[in-house]
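Here are the chains, one letter per residue:
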Amino acid sequence: MSERLKDCTAIITGGARGQGAAEARRFVEEGAFVLIADVLDSEGQALAKDLGDSAVFQHLDVTDEGNWAAVVDRLTDAGRTIDVLVNNAGILLFDRLTRSSREDFERVMDVNCTGVFLGMQAVASEMKKQQSGSIVNISSVAGLQGVGFQFSYSVSKWAVRGMTKSAAHELARDNIRVNSVHPGLIETAMLDQFPENLQPKVESFVPMGRSAEAAEVAELVLWLASNESSYCTGAEFVIDGGLSVG
Ligand SMILES: NC(=O)c1ccc[n+]([C@@H]2O[C@H](COP(=O)([O-])OP(=O)(O)OC[C@H]3O[C@@H](n4cnc5c(N)ncnc54)[C@H](O)[C@@H]3O)[C@@H](O)[C@H]2O)c1
């Protein structure tokens, strides 16, 4: 077993299932200690138990500043550094500009966008003290192009891409790297939300002709979390089987 994240402590939001859970498993395999943070308590606790001494679960609603402070305090009170933050939690909504409500728009922005802002803010001072850190923000191919039928989601994922670049600019001299990841179709519970009439067709839109497993995204996130990507910051990493090539 290699140890690409030896002595690293990582926070993974939305870590109870899907891509976040695949990242938690992969990070632990590579020597990290992982705090799995999610609103799904029973799934998160079960995963942490399965991963043994190298993982803990903590309830975190990414929109709640008090929850974020508790996550950071738990790690620092235990004498741990905060080396990696993966802002992975997200919600999907099928809506249109002309048919969306203010409440729906704000809910998606709150989780997908404000949650990422609060997360980066919560860890930045610890990472500055350490003069090191890697933040990986999970955007989407919807953050690279317009998506008429996922209006609020697409706006929120463009915001994640923009926040990543501005944060990277601000934090670079403190040796804190911030990058965004743009997945295409990934086999998680989120894909179940696609309307039934679209589900059989979605893979045909992908040039590679298939969706990806969450474990495939975890490999990219692992690389960005580790020092192997030491000169990458403010950059977009697309993992979509060619979906966004046009
Ligand atoms: N699945 C895809 O095809 C796909 C494609 C592009 C981008 N993404 C993005 O990847 C990320 C992971 O999604 P996934 O595919 O694993 O789907 P998922 O629905 O399985 O996982 C999302 C996780 O986020 C958690 N979450 C939701 N709201 C939260 C909140 N307020 N606070 C804390 N946790 C919260 C959920 O409980 C869940 O565990 C998301 O940001 C999503 O937008 C997914």
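For the structure, check the block above.
Residues numbered from 1 in each chain as written. Predicted model: local features only at pLDDT ≥ 70, side-chain atom pairs only at ≥ 80, totals over all residues. Heavy atoms only, no water.

1. Some points on helix H4 (residues 102-130)
Right, on to step 1. In this model H4 runs 40 Å from its N-terminal to its C-terminal C-alpha over 29 residues, within 8% of the 42 Å that 1.5 Å per residue would give.
Right, on to step 2. At Asp 110, H4 is bent by approximately 40°, the largest bend along its length. (Helix = DSSP H or I, 4+ residues; strand = E, 2+ residues; numbered from the N terminus. Expected span 1.5 Å × (residues − 1). Bend = angle between axes of the 7 residues up to and from the residue.)

2. Some words on the packing of aromatic side chains
Each aromatic ring pair is described using two quantities: the centre-to-centre distance and the angle formed by the ring planes.
Right, on to step 1. One pass over the full model with this rule turns up 4 aromatic pairs.
Right, on to step 2. Between Phe 94 and Phe 194 the ring centres are 5.1 Å apart and the planes differ by 75°, which places this aromatic pair in the edge-to-face class. One end of the pair, Phe 94, is in the loop between strand E4 (84-87) and H4; the other, Phe 194, is in the loop between strand E6 (176-183) and helix H6 (214-225), and 100 residues separate them in sequence.
Right, on to step 3. By the ring-pair criterion, three or more aromatic residues cluster together here, those being Phe 94, Phe 149 and Phe 194. (Phe/Tyr/Trp six-rings, centres within 6.5 Å; stacked < 30°, edge-to-face > 60°.)

3. A word on the site of the ligand
Right, on to step 1. Around the ligand sit 28 residues, and of these Arg 17, Asp 38, Asn 88, Tyr 153 and Thr 188 come closest.
Right, on to step 2. For the ligand, the accessible surface in isolation is 830 Å², of which the surrounding protein chains cover 94%.
Right, on to step 3. Elements supplying a minimum of two residues to the shell around the ligand: helix H1 (18-29) and helix H5 (151-171).
Right, on to step 4. For the shell around the ligand, the class distribution of residues is 15 nonpolar, 9 polar and 4 charged. (Near = heavy atom within 4 Å. Areas by Shrake-Rupley, 256 points an atom, 1.4 Å probe, with all protein chains shown as cover. Nonpolar A, V, L, I, M, F, W, Y, C, P; charged D, E, K, R; others polar.)

4. Considering the packing of H1 against H6
Right, on to step 1. In the contact formed by H1 and H6, the axes pass within 8 Å of each other and the chain directions differ by 55°. When the axes of H1 and H6 are compared, the pair comes out oblique. Crossing of H1 over H6 shows right-handed handedness. Facing Gly 18, Gln 19, Ala 22, Glu 23, Arg 26 and Phe 27 of H1, the residues of H6 in contact are Ala 214, Ala 215, Val 217, Ala 218, Glu 219, Val 221, Leu 222 and Ala 225.
Right, on to step 2. Of the residues in the contact of H1 with H6, the class split is 9 nonpolar, 2 polar and 3 charged. (Axes fitted to C-alpha atoms, helices over the stretch in contact; angles between N-to-C directions. Parallel < 35°, antiparallel > 145°, perpendicular 65-115°, else oblique. Left-handed = near helix turned anticlockwise from the far one by under 90°. Contact = heavy atoms within 4.5 Å.)

5. Some words on the nonpolar core
Right, on to step 1. Judged by nonpolar contacts, the single largest core of 34 residues is most densely connected at Phe 27, Val 34, Ile 36, Val 86, Val 181 and Val 221.
Right, on to step 2. Listing elements by their share of this core, those giving two or more residues are strand E1 (9-13), H1, strand E2 (33-38), helix H2 (41-51), strand E3 (55-59), E4, strand E5 (133-138) and H6.
Right, on to step 3. Per-element tally for this core: the top contributor is H6, with 8 residues.
Right, on to step 4. Dropping the residues within four chain positions of it, Val 34 is found in contact with Ala 10, Ile 12, Ala 24, Phe 27, Val 28, Ser 54, Ala 55 and Val 56.
Right, on to step 5. Among the nonpolar cores identified, the runner-up in size contains 31 residues, and Leu 35, Val 71, Ile 82 and Val 123 belong to it. (Core = buried A, V, L, I, M, F, W, Y, C linked by side-chain atoms within 4.5 Å. Buried < 20%, exposed > 50% of the residue type's maximum accessible area, 1.4 Å probe, protein only.)

6. Some words on the side chain of Ser 156
Right, on to step 1. Looking at the secondary structure, you find Ser 156 in helix H5.
Right, on to step 2. Residue classification places Ser 156 among the buried residues on the basis of a relative accessible area of 0%.
Right, on to step 3. Among the polar contacts made by the side chain of Ser 156, one reaches the main-chain carbonyl oxygen of Tyr 153 at a distance of 2.7 Å.
Right, on to step 4. When residues no more than four places from it in sequence are discounted, the contact partners of Ser 156 are Val 108, Met 109, Asn 112 and Cys 113. (Polar contact = N/O pair within 3.5 Å; in protein donor to acceptor, adjacent residues only side chain to side chain.)

7. Some words on the sheet that holds E1
Right, on to step 1. Read across the sheet, 7 strands follow the order E3-E2-E1-E4-E5-E6-E7 without closing on themselves; strand pairing throughout is parallel. The open sheet has two edge strands, E3 and strand E7 (236-239), and neither has a second partner. Averaged over all adjacent pairs, the angle separating strand axes in this sheet is 20°, with direction ignored.
Right, on to step 2. As defined by bridge partners, E6 adjoins E7 across 4 bridges and the pair is classed as parallel. (Pairing = 2+ DSSP bridges.)

8. Quick notes on unusual backbone geometry
Right, on to step 1. One non-glycine residue, Gln 131, adopts positive backbone phi at about 55°.
Right, on to step 2. Relative to the helices and strands, Gln 131 resides in the loop between H4 and E5.
Right, on to step 3. Positive phi outside glycine occurs at Asn 175, with the angle close to 60°.
Right, on to step 4. Mapped onto the secondary structure, Asn 175 falls in the loop between H5 and E6.

Nothing here speaks to function; it is geometry throughout.
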